[in-house]
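Spelled out, the chains give:
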Amino acid sequence: MIEDRDYFVVDPIEGCYLNDIFDEAKPIYVEIGSGKGEFISRYPQSHTNWNFIGMEMSEKRIRNCLKKLSVEQNPNVRLVRKFVDASIKNLFRPQSVSGVYIQHPDPWPKRRHHRRRLIQQDFLNSLAEIMLSDATVQISTDHAEYAAWIVEEFLNNPHYLSIQDDPIQMQPNLDEHISTWFELEQKKSGHMPHFMLFKRI
Ligand SMILES: C[S@@+](CC[C@H](N)C(=O)[O-])C[C@H]1O[C@@H](n2cnc3c(N)ncnc32)[C@H](O)[C@@H]1O
């Protein structure tokens, strides 16, 4: 019998694209920083015509995700344990990703740590290479200063524009909102999520 871990967790192979790991070819959506797996286990269940890859650097969090996934309910999900950075462009075929979700990326609040933030020009340029035209990047964060940073980085990049009139909204912006563990924890201490949605031009 196939173990769930063997089914869900994929090791990237050099020279092969993650697009090809699913038996059935469907539009590919990527979540970065899947955490405890609320989004990657639930959202794909109502989007069965799409394939999803959850990318997460922490082995402990991968195990949290696996507890929420089942082969029967999540055939369109796979997980990759990896620290995501600008090298993401080597993992997916050029112009092949239909959407990216990033819920509560680490804000690295101290100024001297800002260079560790995921949302930087080199990462956005790399992402632009693998995204289809009109593909979207949905991001949420409870950290107001990081939200402003994210908007500035996207709008300073020639490959993206904001889909929202005001690039930062305080209301969810997907067809289905999945409250993640981190969102709920931060709300308890009064830190409300800010929602952003950008389009690859
Ligand atoms: C603040 S938590 C948010 C988790 C989840 N998205 C949520 O909203 O509950 C950030 C998550 O992203 C993961 N992470 C942070 N930076 C990452 C990176 N560069 N690549 C992959 N995973 C990353 C962390 O291990 C952690 O699980």
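Everything quoted here is computed from the prediction, not taken from an experiment.

Notes on the environment of E145
Then, in step 1: Along the chain, E145 turns up in helix α5 (residues 144-155).
Then, in step 2: We classify E145 as exposed; it has 11 C-beta atoms within 10 Å.
Then, in step 3: When the C-alpha atoms of E145 and I178 are compared, they prove to be 23 Å apart, with 33 residues separating the residues in sequence.

Some words on the sheet that holds strand β6 (residues 160-162)
The strands making up a sheet associate through backbone hydrogen bonding, with each pair oriented either parallel or antiparallel.
Then, in step 1: As summarised here, the arrangement of the 7 strands in space is β3-β2-β1-β4-β5-β7-β6, forming an open sheet in which the pairing is mixed. Looking at the sheet topology across the chains shown, the edges are occupied by β3 (77-81) and β6. Shown here is a sheet whose adjacent strand axes are inclined to one another by a mean of 20°, direction ignored.
Then, in step 2: In this structure, strand β1 (residues 28-32) lies alongside strand β2 (residues 51-56), joined through 5 bridges in parallel fashion. From the neighbouring strand, I32 faces β2, where its bridge partner is M55.

Here we look at the site of the ligand
Then, in step 1: Around the ligand lies a shell of 19 residues, among which G33, G35, V84, T180 and F182 are the nearest.
Then, in step 2: Those elements that provide at least two residues to the shell around the ligand are β2 and α6 (181-188).
Then, in step 3: No other element matches α6, which puts 3 residues into the shell around the ligand.
Then, in step 4: Here the shell around the ligand is composed, by residue class, of 8 nonpolar, 6 polar and 5 charged.

Considering unusual backbone geometry
Then, in step 1: Located in the positive-phi region is Q95, a residue other than glycine, with phi close to 50°.
Then, in step 2: Assignment of secondary structure puts Q95 in the loop between β3 and β4 (97-103).
Then, in step 3: Phi is positive for H104, which is not a glycine, with a value near 55°.
Then, in step 4: Here H104 lies in the loop between β4 and α4 (121-130).

Side note on the nonpolar core
Then, in step 1: Counting 46 residues, the largest nonpolar core has V30, I53, V97, V100, L127, I150 and M196 as the members making the most contacts within it.
Then, in step 2: No other element matches α5, which puts 5 residues into this core.
Then, in step 3: Look past the residues within four positions of L127 in its chain and what remains in contact with it is I88 and V100.

So, the environment of H191
Then, in step 1: Topologically, H191 is positioned in the loop between α6 and β7 (194-200).
Then, in step 2: A residue is classified by how many C-beta atoms lie within 10 Å of it, and H191, with 15 of them, is partly exposed.
Then, in step 3: Separated by 15 residues in the primary sequence, H191 and E176 place their C-alpha atoms 21 Å from one another.
Then, in step 4: With residues up to four places along the chain from it excluded, the contact list for H191 reads D142 and Q186.

Thresholds applied
Residues numbered from 1 in each chain as written. Predicted model: local features only at pLDDT ≥ 70, side-chain atom pairs only at ≥ 80, totals over all residues. Helix = DSSP H or I, 4+ residues; strand = E, 2+ residues; numbered from the N terminus. Buried ≥ 20, exposed ≤ 12 C-beta atoms within 10 Å, placed from the backbone. Pairing = 2+ DSSP bridges. Axes fitted to C-alpha atoms, helices over the stretch in contact; angles between N-to-C directions. Near = placed C-beta within 6 Å. Nonpolar A, V, L, I, M, F, W, Y, C, P; charged D, E, K, R; others polar. Core = buried A, V, L, I, M, F, W, Y, C linked by C-beta atoms within 7 Å. Contact = placed C-beta atoms within 7 Å.

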